[in-house]
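One-letter residues, chain by chain:
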Protein chains: 4
Amino acid sequence: MNLLERYRQVRSTTESLAAPLSAEDQLLQSMPEASPVKWHLAHTSWFFDTFVLEGLPGEPAVEPDRALLYNSYYEAVGPRVARARRGLLSRPSLDEVRAYRRSIDERMARWLEPGRLPPARTHLVELGLAHEQQHQELILTDIKHALHANPIGPAYGAPAQVGRAAARAITWRRYDERIAGIGDDGSGFAFDNERPRHRALVPGFELASRLVSAGEYLEFIRDGGYRRPALWLSDGWATVQADGWLAPLYWSQEDAGWSVYTLRGRRPLDPAEPVCHLSYYEADAFARWAGARLPSEFEWEVAAGEASAEGAFLESGALHPTAATADGPAQLYGDAWEWTASAYAPYPRFRPEAGAAGEYNGKFMSGQMVLRGGSCATPRSHMRITYRNFFPPSARWQLSGLRLARDP
Amino acid sequence: MNLLERYRQVRSTTESLAAPLSAEDQLLQSMPEASPVKWHLAHTSWFFDTFVLEGLPGEPAVEPDRALLYNSYYEAVGPRVARARRGLLSRPSLDEVRAYRRSIDERMARWLEPGRLPPARTHLVELGLAHEQQHQELILTDIKHALHANPIGPAYGAPAQVGRAAARAITWRRYDERIAGIGDDGSGFAFDNERPRHRALVPGFELASRLVSAGEYLEFIRDGGYRRPALWLSDGWATVQADGWLAPLYWSQEDAGWSVYTLRGRRPLDPAEPVCHLSYYEADAFARWAGARLPSEFEWEVAAGEASAEGAFLESGALHPTAATADGPAQLYGDAWEWTASAYAPYPRFRPEAGAAGEYNGKFMSGQMVLRGGSCATPRSHMRITYRNFFPPSARWQLSGLRLARDP
Amino acid sequence: MNLLERYRQVRSTTESLAAPLSAEDQLLQSMPEASPVKWHLAHTSWFFDTFVLEGLPGEPAVEPDRALLYNSYYEAVGPRVARARRGLLSRPSLDEVRAYRRSIDERMARWLEPGRLPPARTHLVELGLAHEQQHQELILTDIKHALHANPIGPAYGAPAQVGRAAARAITWRRYDERIAGIGDDGSGFAFDNERPRHRALVPGFELASRLVSAGEYLEFIRDGGYRRPALWLSDGWATVQADGWLAPLYWSQEDAGWSVYTLRGRRPLDPAEPVCHLSYYEADAFARWAGARLPSEFEWEVAAGEASAEGAFLESGALHPTAATADGPAQLYGDAWEWTASAYAPYPRFRPEAGAAGEYNGKFMSGQMVLRGGSCATPRSHMRITYRNFFPPSARWQLSGLRLARDP
Amino acid sequence: MNLLERYRQVRSTTESLAAPLSAEDQLLQSMPEASPVKWHLAHTSWFFDTFVLEGLPGEPAVEPDRALLYNSYYEAVGPRVARARRGLLSRPSLDEVRAYRRSIDERMARWLEPGRLPPARTHLVELGLAHEQQHQELILTDIKHALHANPIGPAYGAPAQVGRAAARAITWRRYDERIAGIGDDGSGFAFDNERPRHRALVPGFELASRLVSAGEYLEFIRDGGYRRPALWLSDGWATVQADGWLAPLYWSQEDAGWSVYTLRGRRPLDPAEPVCHLSYYEADAFARWAGARLPSEFEWEVAAGEASAEGAFLESGALHPTAATADGPAQLYGDAWEWTASAYAPYPRFRPEAGAAGEYNGKFMSGQMVLRGGSCATPRSHMRITYRNFFPPSARWQLSGLRLARDP
């Protein structure tokens with residue numbers, strides 16, 4: 001698939017994700033950390049407008065209003081509307097945003113004809129596509145949070161028939177101490193935060209064969225997991241008390257038992273499905289309760305290097321994690337992001353992208369934790385073994401679960 | 001006009017006010033105190049559903065989801081979505097809300113045929129119509145606030161040609177001390193907070209012939225009005241500093257001079273137009289600066305009793321206060337609400353409405369100040385001499401201005 | 001008693017109130033609204049320094065540090081340390097503050113010799129004494145709040161033997177409609193907010209013979225008073241829920257029954273004692289529950305005009321309200337302040353004191369309610385029939401109770 | 001020095017640090033993160049009471065009030081007064097706290113006689129001494145913050161004559177890649193967070209010969225360091241704007257130039273002195289501006305392994321960092337803590353202390369950064385090469401500075 005074909009595929013995937021939603025739905029913003037779907041549609045277009053098209057011969061400068069409305073956090077590009085106020089942008093209308101997308105697509109299509117784009121910009125197109133794929137996942141996690149905020153609990157997609165199978169028992173695989181090569185080897189696109197490839201001493205460890213299941217997490221809850229401070233990091237325990245956490249986000253306990261709100265509406269909790277929508281604090285507390293720990297991101301990368309990169313990604317259409325059906329190591333990719341014990345930090349000799357794109361990753365290397373492996377909302381082509389996702393330890397609205405590790 | 005005709009007129013006015021707005025616009029909520037236009041459309045229908053229709057022979061109970069979503073503050077009616085979260089209700093859609101309105105209108109129309117409605121419910125229809133007219137004004141003030149929150153400053157209506165004339169000089173009219181009859185005399189519909197009519201001793205006073213103008217308010221600003229604590233109530237001064245107030249809401253100072261954001265977009269400030277979008281604190285500080293004071297609500301009612309009830313109301317289509325063109329007493333009605341020096345309190349021997357409708361007014365009689373006279377967003381038929389509007393002293397998003405009073 | 005004698009008496013009373021407290025106790029500040037006892041000692045001295053001594057021949061200007069540290073809220077006098085940070089002033093030490101008091105006393109004593117003080121300043125000495133008496137009450141209510149914040153609940157004074165008697169049944173006295181003279185008649189010292197004396201039409205009313213008792217308030221609690229929104233003002237109900245109120249401040253329910261924290265430590269609640277430490281919201285809700293209402297401040301003043309000005313004041317040494325032992329009208333003065341239904345507003349033609357002392361009362365005439373009659377922490381010589389105390393409706397740390405009124 | 005002698009020395013050092021402060025000073029709490037000196041005196045005694053004495057034959061249980069008041073954060077030990085309210089504990093008085101200290105000392109002295117203490121408790125005595133030494137540093141940093149909050153800026157100690165010398169130019173030392181042994185080798189007391197010793201691959205790096213000086217930091221300020229978002233982590237830039245940071249904590253710019261508030265009062269800033277009272281965000285931004293970076297904690301430990309453990313510690317009496325006077329590597333120990341680029345995380349196979357003492361370190365391993373090397377407020381005997389201090393990235397009230405590192 002050449003670059004133009006890939007551009008078209010990525011862009012149309014974004015639109016198909018927005019398609020089930022009305023203009024009203026697409027304006028919803030339920031918390032500062034989440035953005036309206038319409039804003040995602042516009043921002044991803046603005047990204048190509050700003051980082052690829054502007055400055056090319058004959059291309060106009062980005063319109064000031066668009067820079068003001070659709071710049072996310074690039075200080076070097078100029079002022080922007082406060083993140084928490086994106087839900088107030090009824091204008092430009094969804095139709096105008098769609099027209100903006102189309103105009104960008106037309107301009108991009110001309111430049112993506114073979115031989116036209118200056119080579120130095122090709123990487124920025126790749127970056128723009130990877131960027132748009134990140135927003136595809138955010139479209140799903142943000143609208144899930146927003147629809148859930150409505151007391152009548154509307155769904156994003158139609159209910160699906162869900163088969164139920166018992167989860168396979170966890171088995172453990174042992175990995176010996178090694179000096180491992182970590183990070184991007186330059187063979188394809190990667191974000192700057194995956195570079196440079198470097199060596200790290202990884203002590204021997206054992207890794208569980210699958211993600212932790214909802215049923216296992218229920219045991220933690222029933223054993224008083226949310227009431228025992230000894231299981232928690234200090235910041236986590238403070239959050240449990242301040243926010244009144246009793247279970248993962250979207251779980252609810254009624255007379256009939258536990259249910260979970262999904263993008264296809266609320267349904268009974270399947271004990272075999274992976275637990276997700278956990279904060280780092282909850283993942284860490286569960287691991288402590290289980291007599292284990294979270295893996296480091298290096299451990300995960302060592303293990304993933306020996307496994308196939310297959311998994312339940314966005315293309316599966318499941319929109320929710322499903323039970324592991326294979327022997328381990330299973331679910332390293334897809335289903336749910338895996339919290340690691342690693343703080344999000346630069347690799348040795350890290351250098352950010354040049355220019356304003358250098359704000360993409362580096363400036364967030366503080367106060368966040370790394371997640372690995374992608375989820376059922378991640379496009380398959382977006383994922384790779386060196387991919388580093390990151391969120392604050394209190395974040396729960398992503399499809400974040402966990403896998404256990406332990407010392408040999 | 002009979003009750004059915006009035007019902008239809010009021011309901012269609014509401015819809016015409018919403019008509020220029022897209023579904024996206026109608027979902028906007030820019031602060032907890034303001035509601036989405038769509039919610040106003042639904043809530044006013046729910047009011048008839050709950051207080052008039054429910055319980056009539058053959059009429060169904062209010063659907064639980066609607067009670068949950070569209071109840072504003074009636075504790076006796078049951079739980080409701082938090083006020084600050086009304087902007088998250090993308091579902092039911094605007095089309096569904098409109099269909100709900102139509103279904104209520106059809107059911108109401110049947111009951112409003114002559115002789116059908118039990119007499120005890122006629123008053124509740126009147127209450128529902130007065131209630132809906134209050135929300136008509138809120139539709140305008142709330143959407144004004146919401147559109148203004150968009151950095152590109154979109155307008156509600158098309159720009160209008162605005163004639164400019166100098167404001168007439170203020171003259172003063174003297175009123176002698178008297179024992180005045182205050183409050184509703186029972187000759188037509190009135191809210192419970194206007195009753196019972198009672199006598200009050202009103203010392204002699206003088207009242208200005210018109211509202212304070214923007215030009216006069218500019219003098220206050222230029223004289224350091226927002227920098228001199230001696231002019232302010234203590235709570236007002238604290239608010240000026242905490243919120244960084246430098247001028248009325250919607251005013252902006254650029255190189256070209258002062259401009260004002262209106263429902264028809266931003267335009268140069270006309271010194272002759274009445275100042276509005278003032279808090280009580282600002283109105284009080286201006287009066288002190290001017291060597292005068294705010295009138296009490298009794299003084300206003302005494303003066304209004306000698307004046308005609310005409311003024312620039314919603315029907316004028318101006319959507320913004322305009323300069324007084326007549327000799328005084330002018331502008332007692334319409335243009336801009338007049339802050340009074342009176343705290344919102346019950347009249348002697350006040351009794352709230354029976355039932356849940358008793359929560360309409362009485363429970364808000366704390367911490368608010370009375371405004372009188374209506375504005376250019378108030379329907380003419382909604383206003384009367386005994387009408388008491390009320391808002392917290394810090395509120396600025398209503399069309400609130402002031403008229404000066406002084407002691408003889 | 002001449003002015004010098006009165007000065008000495010008032011000043012020594014302040015010191016005797018502070019005497020049981022260590023330097024550590026006197027530094028406590030448990031909330032922004034309450035000040036350290038040491039600060040009260042210094043501020044009241046600074047008041048004489050600034051408003052009486054400065055400017056007299058040969059007297060030095062107030063030292064800048066003292067103006068910075070001990071000015072409460074006089075904007076005209078200059079900047080000052082934020083109110084919430086008064087508890088951080090370990091320096092100057094308590095000993096230095098006491099020395100400052102003594103130096104002021106010596107300078108004042110010279111000027112208070114007969115014939116020395118310019119007549120224009122005599123009123124300011126009176127104001128300073130009244131001011132200091134207000135701070136005497138605040139010393140007690142502020143330290144009570146601060147000591148109660150300590151989990152071990154230390155006491156201000158030694159426990160006292162408390163006799164117990166049943167409360168007399170409430171009887172009602174009727175007052176006919178009248179045009180009443182309200183406010184200060186100029187025969188003695190009064191604050192500016194008590195002036196000018198004016199006439200008001202007071203409709204007929206009935207007033208209860210004593211304060212509401214703790215036992216009566218317990219009935220309200222047991223009848224679900226804190227769980228029934230229909231009994232509450234909207235702001236009050238919001239406060240009940242936000243702050244988790246279940247009873248008056250300082251009440252606690254244990255297995256052994258209800259107890260109350262007093263300045264003499266915690267002790268079993270006496271059903272006959274007046275309920276106090278109520279917010280306006282609670283007083284209002286109780287009155288509604290009881291089928292009655294709060295009196296207006298004019299009604300209180302009419303009733304007090306026919307009663308003797310005796311009561312259980314500071315000099316009684318009780319430091320806590322005690323049961324009414326006389327037939328009504330009883331307890332109009334002393335025991336506990338009585339919340340009235342009147343918002344704190346200027347009397348007609350009110351003029352504040354000249355100069356910076358004009359900030360004493362007038363700028364607080366917004367958002368507060370009037371209380372009448374004084375408490376067991378008020379010096380007897382400080383109280384008079386026209387005295388208007390005022391606090392925000394949510395305030396509970398004052399000795400505030402209520403008396404019922406009703407319409408005939 | 002045997003254990004009893006060391007116990008006595010550590011305890012008396014604490015008391016000598018408190019000695020210049022009045023009872024009022026010792027009650028000050030200027031923010032939730034800082035505690036009153038009196039509380040430090042009590043808490044460190046409670047630590048021995050709880051972790052060493054309780055449970056020994058014949059020793060009483062800890063008094064419940066003391067557990068309530070003086071437990072810092074040990075969930076396993078029971079409830080405790082909220083951290084932000086420690087400044088409200090005027091009772092028990094300072095004298096009572098001192099008596100409590102003496103009683104603990106007497107009981108400890110008996111048990112520290114040779115051969116009496118059960119061997120298992122010896123480690124807890126060591127832990128208690130290390131704990132008390134940590135609080136010695138906090139006594140100084142907390143009282144510095146509290147006295148600075150007083151607008152008159154009182155000093156802790158007498159002003160000292162400070163010699164001035166130019167700072168030596170920074171030189172760089174190169175360290176080759178290695179597999180380094182990191183962490184405690186078991187030869188003496190260490191906290192659990194320094195264990196287990198393990199190997200880590202440390203790429204080659206270069207390290208600056210001394211701490212960054214105030215003069216160098218002034219260049220950063222003058223070059224717009226606090227106005228250029230490109231230099232900052234995203235969280236750091238948000239903090240700069242929210243808190244209005246323009247310089248390190250305690251720095252002030254007046255007409256006469258820059259001054260710095262020290263424990264000995266405010267004095268002109270010496271360009272040669274190490275900059276301190278920096279947040280991690282500021283240290284990181286400065287390093288980026290300087291074209292360098294912060295060292296990892298492993299890099300610091302590698303470098304410190306080749307240097308002598310001497311430096312300007314608490315015993316120097318300077319109470320403020322002083323200019324480097326030796327060639328590098330200088331100031332690795334003492335003067336000011338050095339922010340590292342390392343998030344505070346467990347070492348591989350970390351196990352917390354057994355029992356409640358396990359809450360000492362492990363539960364804080366989230367959201368904090370490691371500092372190394374100690375400061376002029378750290379007792380010399382408290383410091384060692386493997387010592388890991390940790391604070392949130394926004395913390396500025398510690399004596400925290402930085403040393404630059406760079407890639408070869």
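Rules used in this analysis
- Residues numbered from 1 in each chain as written.
- Chains lettered and ligands numbered in written order.
- Predicted model: local features only at pLDDT ≥ 70, side-chain atom pairs only at ≥ 80, totals over all residues.
- Heavy atoms only, no water.
- Pairing = 2+ DSSP bridges.
- Helix = DSSP H or I, 4+ residues; strand = E, 2+ residues; numbered from the N terminus.
- Contact = heavy atoms within 4.5 Å.
- Buried area = accessible area lost by both parts, 1.4 Å probe.
- Salt bridge = Lys/Arg side-chain N within 4 Å of Asp/Glu carboxyl O.
- Polar contact = N/O pair within 3.5 Å; in protein donor to acceptor, adjacent residues only side chain to side chain.
- Nonpolar A, V, L, I, M, F, W, Y, C, P; charged D, E, K, R; others polar.
- Least-squares fit on C-alpha atoms with pLDDT ≥ 70 in both.
- Core = buried A, V, L, I, M, F, W, Y, C linked by side-chain atoms within 4.5 Å.
- Buried < 20%, exposed > 50% of the residue type's maximum accessible area, 1.4 Å probe, protein only.
- Domains from an automatic or database assignment.
- Disulfide = S-S within 2.5 Å.
- Axes fitted to C-alpha atoms, helices over the stretch in contact; angles between N-to-C directions.
- Parallel < 35°, antiparallel > 145°, perpendicular 65-115°, else oblique.
- Left-handed = near helix turned anticlockwise from the far one by under 90°.

What about the pairing of strand β7 (residues 265-268) of chain A?
Residue and element names in this part refer to chain A.
Here is step 1 of the chain: Sheet topology places strand β6 (residues 257-262) next to β7; 4 bridges connect them, and they run antiparallel. When the sheet's bridge partners are listed, threonine 262 is paired in β7 with glycine 265.
Here is step 2 of the chain: The hairpin turn running from β6 into β7, its antiparallel successor, is 2 residues long.

A word on the interface of chain B and chain A
Here is step 1 of the chain: On the chain A side, the residues contacting the 29 residues of chain B number 29 residues.
Here is step 2 of the chain: Counting the surface lost from both chain B and chain A, the interface buries some 2400 Å², and carbon and sulfur atoms represent 58% of this.
Here is step 3 of the chain: Taken together, chain B and chain A are joined by 4 salt bridges.
Here is step 4 of the chain: Counting the contacts that link chain B with chain A gives 12 residue pairs in polar contact (both at pLDDT 80 or more).
Here is step 5 of the chain: For the side of chain B that touches chain A, the element with the highest residue contribution is helix α3 (residues 64-70) of chain B, accounting for 3 residues.
Here is step 6 of the chain: Of the residues assigned to the side of chain B that touches chain A, the class counts are 17 nonpolar, 6 polar and 6 charged.

With respect to the relation of the copies chain B and chain A
Note: a rotation about an axis with an accompanying shift along it relates these two copies of the chain.
Here is step 1 of the chain: When chain B is fitted onto chain A, the two copies agree to an RMSD of 0.0 Å after a turn of 180° and an axial shift of 0.0 Å. The symmetry that links the two subunits is that of a two-fold axis. Identified as the residue of chain B closest to the rotation axis by C-alpha distance is B:Glu24, at 2.6 Å.
Here is step 2 of the chain: Of all interface residues in chain B, 100% are interface residues in chain A too; the two copies therefore contact each other through one and the same surface.

Side note on the relation of the copies chain A and chain D
Here is step 1 of the chain: Overlaying chain A on chain D yields an RMSD of 0.0 Å, the required transformation being a rotation through 180° with an accompanying axial translation of 0.0 Å.
Here is step 2 of the chain: Mapped onto chain D, 100% of the interface residues of chain A again fall at the interface, so both copies present the same surface.

Regarding the interface of chain A and chain D
In many reports, interface size means the accessible area that the parts give up when they come together.
Here is step 1 of the chain: Of the residues lining the interface, 27 residues belong to chain A; the matching set on chain D comes to 27 residues.
Here is step 2 of the chain: Contact with chain D buries area across many residues of chain A, yet A:Leu201, A:Arg349 and A:Ser366 alone supply 25% of it, more than any other trio.
Here is step 3 of the chain: Linking chain A with chain D are 5 salt bridges, by the criterion used here.
Here is step 4 of the chain: One salt bridge in this structure joins D:Arg199 and A:Glu177, with 2.4 Å as the shortest N-O distance.
Here is step 5 of the chain: For the interface between chain A and chain D, the tally reads 8 residue pairs in polar contact (both at pLDDT 80 or more).
Here is step 6 of the chain: Mapped onto the side of chain A that touches chain D, the elements with two or more residues apiece are β3 (198-202) and α7 (234-243) of chain A.
Here is step 7 of the chain: Its residues assigned to classes, the side of chain A that touches chain D shows 15 nonpolar, 4 polar and 8 charged.

As for the nonpolar core
Here is step 1 of the chain: Counting residues in hydrophobic clusters, the biggest one holds 243 residues, and the most contacted among them are C:Trp251, C:Leu402, D:Trp251 and D:Leu402.
Here is step 2 of the chain: Those residues in contact with D:Trp251, other than ones at most four positions away along the chain, are D:Ala214, D:Tyr217, D:Leu218, D:Ile221, D:Trp258, D:Ser259, D:Val260, D:Arg266, D:Leu269 and D:Val275.
Here is step 3 of the chain: With 242 residues, the next largest nonpolar core counts A:Val37, A:Trp251, A:Tyr360 and B:Met369 among its residues.

Notes on the arrangement of the chains
Here is step 1 of the chain: Chain A shows no contact with chain C. Their nearest C-alpha atoms sit 14 Å apart.
Here is step 2 of the chain: Across all C-alpha pairs, the smallest distance from chain B to chain D is 14 Å, and the two are not in contact.

Brief notes about the domain arrangement of chain A
Residues and elements named next belong to chain A.
Here is step 1 of the chain: Taken domain by domain, chain A comprises domain 1 (3-148) and domain 2 (172-406).
Here is step 2 of the chain: The straight-line distance from the C-alpha centre of domain 1 to that of domain 2 is 27 Å.
Here is step 3 of the chain: At the interface, 31 residues of domain 1 touch 30 residues of domain 2.
Here is step 4 of the chain: For the domain 1 and domain 2 pair, buried surface summed over both sides reaches about 2600 Å², with 64% attributable to carbon and sulfur atoms.
Here is step 5 of the chain: By the criterion of area lost to domain 2, the three top residues of domain 1 are Glu137, Lys144 and His148, representing 26% of everything that side buries.
Here is step 6 of the chain: At the boundary of domain 1 and domain 2, one finds 0 salt bridges.
Here is step 7 of the chain: Taken together, the connections running from domain 1 to domain 2 amount to 16 residue pairs in polar contact (both at pLDDT 80 or more).
Here is step 8 of the chain: Among the secondary structure elements, those contributing two or more residues to the side of domain 1 that touches domain 2 are α1 (3-18), α2 (37-53) and α5 (119-148).
Here is step 9 of the chain: The dominant element in the side of domain 1 that touches domain 2, judged by the number of residues it contributes, is α5, at 19 residues.
Here is step 10 of the chain: For the side of domain 1 that touches domain 2, a count of residues per class yields 16 nonpolar, 9 polar and 6 charged.

Describing the state of the cysteines
Here is step 1 of the chain: Summed over all chains, the structure comprises 0 disulfides over all chains.
Here is step 2 of the chain: Here A:Cys376 is not cross-linked by a disulfide; its sulfur's nearest cysteine counterpart is in A:Cys276, at 6.7 Å.

Things to note about the packing of helix α1 (residues 3-18) of chain D against helix α5 (residues 119-148) of chain D
Residue and element names in this part refer to chain D.
Here is step 1 of the chain: Relative orientation of the contacting elements α1 and α5 amounts to 20°, with a least axis distance of 10 Å. Between α1 and α5, the interaxial angle falls into the category roughly parallel. Here the hand of the crossing between α1 and α5 comes out left-handed. Of α5, the residues touching α1 (which contributes Leu3, Arg6, Tyr7, Val10, Arg11, Thr13, Thr14 and Leu17) are Thr122, Val125, Glu126, Leu129, Glu132, Gln133, Gln136, Ile139 and Leu140.
Here is step 2 of the chain: For the contact of α1 with α5, the residue count by class is 8 nonpolar, 5 polar and 4 charged.

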